[in-house]
Each structure stands twice: as C-alpha cells, then as structure tokens.
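Close look at the chain arrangement
Chain by chain, the residues:
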Amino acid sequence: MTAGTPVIRRARTSDVRGIRALVAPLAERRVLVSKEAVTYFESLQEFRVAEQDGRVVGCGALHVMWEDLAEVRTLAVAPDQLGTGLGGRLLETLVDDAREIGVERLFCLTFETDFFLRHGFEVIEGQAVPMDVYAELLRSYDEGVAEFLDLERVKPNTLGNTRMLRTL
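Computed from a predicted structure; not experimentally measured. Residue numbers run consecutively from 1 along every chain, following the written order of its sequence. In view of the model being predicted, local features appear only for residues whose pLDDT reaches at least 70, and side-chain atom pairs are presented and counted only at 80 or more, with totals across whole chains, interfaces and linings using the full set of residues. The side-chain numbers reported here are obtained from all heavy atoms of the structure, hydrogens and water having been left aside.

**Examining the overall build of the protein**
Each helix and strand in the protein was counted, giving six helices and seven strands. Secondary structure elements are defined from DSSP: runs of H or I of at least 4 residues count as helices, runs of E of at least 2 residues count as strands, and each element is numbered from the N terminus. The linear arrangement of helices and strands in the protein, starting from the amino end, is β-α-α-β-β-β-α-β-α-β-α-α-β. Contacts are assigned to residue pairs with any non-hydrogen atoms lying within 4.5 Å of each other. Long-range pairs, those at least 24 residues apart, make up 67% of the contacts in the protein with a sequence separation of at least 6. Per-residue and other accessible areas follow the Shrake-Rupley method at a 1.4 Å probe size, with only the shown protein chains counted as cover for residues. Looking at the protein as shown, the accessible area adds up to about 9,300 Å², and 51% of this sits on carbon and sulfur atoms.

Shown next, in the form of structure tokens:
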C-alpha cells in the first residue's frame, strides 16, 4: 500500500500534538527552538501543516513582524519526508500566504542555508529594517523579534544560525 502525497493545509488545534512531535527531536538537537504547547495554540493561525494519511509530516509558520516583513518559523518535515520536496512546498505556501497579506520581505534564522538559498533567500548582515522600524520593533515582547534585531539579551540563547532574507 502506497502512502498518498502530503496535503498542505491550515493548521487546526488537533494538529498541535503532531507539530510538537515533529519539532521535539529538532529542538533537542538545537536546530529549532523548543516552545511550550500554549505557544503553539496561541500562534496556530500562523501555521500550515502537511498531512499524510492522518499524520502531520510537515509544518511551517508565517509570523508577521511589520508592515512589509514576516518571518518563516518552525519549518520542519518528518525524517521520512526529507528529500521529497515537501519542505519546499511548505515554504512556497508560506510565501504565497505572505504575498496574499501584503508582506514584501521574508526573514528566517536557519542552519539550512543551502535550502533557503535555493528558494531565493540571501544571507544578511546587520539590520534589515530602517531605524524608525527598528525602534518600534524594540517594543515587541516576542523573542523571535529580539533574535531578528540581534539584541544582546538573546545572544546566550542564540542557536548559532544564519540570518537570511527574501524579497518577494
């Protein structure tokens, strides 16, 4: 019996357990940031999942940071899906979502630089926003925004990943 092609759709509350199971081994290896279950529920509307035969086999989130800027977060696929193109399909779905809501630039923090380079991202140094926007973003309580801003307070928690940006 052959498994069907994974279907990408908006996440549902019932998917949180599957998302966490997908992320857990990557968080243990410090590839992704570990989050509490409540954080996934609070940001559920940002997530897309890939489902295959009733199982979550991929996920990714689009987190809006500013008028023209969003971050790709928690992009992951199950080990048996690596190399199938599913990660790229999930990413391009998030890109489509970003365009639909008016975002012009996508940011990510990643160890998978080759993957993101193949999808139009470029490595960046310094700030990707003007100083007035930077000042506004400083007011955010979101740790991902603090990472984006490269704030000293997150340095001890930084995974050592690469900052990348794609203009849509």
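**Structural notes on helix α3 (residues 86–101)**
For α3, built from 16 residues, the straight-helix expectation of 22 Å at 1.5 Å per residue is met to within 8% by its first-to-last C-alpha distance of 23 Å. For each residue, the accessible area found with a 1.4 Å probe, counting protein chains only, is set against the maximum for its type, and the residue is called buried under 20%, exposed over 50%, and partly exposed in between. Looking only at α3, the buried set comprises Leu86, Gly87, Gly88, Leu90, Leu91, Thr93, Leu94, Val95, Asp97 and Ala98. Of the residues one or two after α3, Gly102 is the one with positive phi, at around 95°. Multiplying 1.5 Å by the residue count of a helix minus one yields the expected span of that helix.

**Some points on the pattern of salt bridges**
The rule for a salt bridge is simple: a side-chain nitrogen of Lys or Arg has to be within 4 Å of a carboxyl oxygen of Asp or Glu. The final tally for this structure, using the stated rule, is nine salt bridges. As a salt-bridge pair, Asp97 and Arg10 come within 3.9 Å of each other at their nearest N and O atoms. Here Asp97 is found in helix α3, whereas its partner Arg10 is found in strand β1 (residues 7–10), with 87 residues between them in sequence. Using a relative accessible area of 10% as the deciding quantity, one classes Asp97 as buried. Residue Arg10 is classed as partly exposed on the basis of its relative accessible area of 44%. The residue Glu71 makes a salt bridge to Arg73 at a minimum N-O spacing of 2.9 Å. Three or more residues are tied together by salt bridges with common partners; here these are Arg9, Asp15 and Glu51.

**Description of the sheet that holds strand β5 (residues 105–110)**
Spatial strand order, β1-β2-β3-β4-β5-β7-β6: seven strands in an open sheet with mixed pairing. Edge strands, defined here as strands with exactly one partner in the open sheet, are β1 and β6 (122–123). Across the sheet, helix α1 (residues 16–28) is in contact with β2 (47–52), β3 (55–66) and β4 (69–77); its angle to β3 comes to roughly 85°. Every angle, taken between N-to-C directions, lies between 0 and 180 degrees, and every axis is a line fitted to C-alpha atoms, over only the stretch in contact when it is a helix. In the packing of α3 onto the sheet, the strands contacted are β1, β2, β3, β4, β5 and β7 (162–167), and the crossing angle to β3 comes to about 35°. The criterion for strand pairing is that DSSP finds at least two bridges linking the strands in question.

**Comments concerning α1**
Taking 1.5 Å of rise per residue, 13 residues should cover 18 Å, and α1 covers 18 Å from first to last C-alpha, within 8% of that figure. Along α1, the sharpest change in direction is near 25° and occurs at Leu22; proline Pro25 comes one to four residues later. Burial in α1 covers these residues: Val16, Ile19, Leu22, Val23, Leu26 and Ala27. For α1, the secondary structure elements touched by its buried residues are α2 (37–42), β2, β3 and β4. Here the bend at a residue is taken as the angle between two axes, fitted respectively to the seven residues that end there and the seven that start there.

**Concerning unusual backbone geometry**
For Asp53, which is not a glycine, the phi torsion comes out positive at approximately 50°. Mapped onto the elements, Asp53 comes out in the loop between β2 and β3. One non-glycine residue with positive phi stands out, namely Thr74, at about 50°. As for its placement among the helices and strands, Thr74 is situated in strand β4. For Thr74, a relative accessible area of 11% puts it in the buried group.

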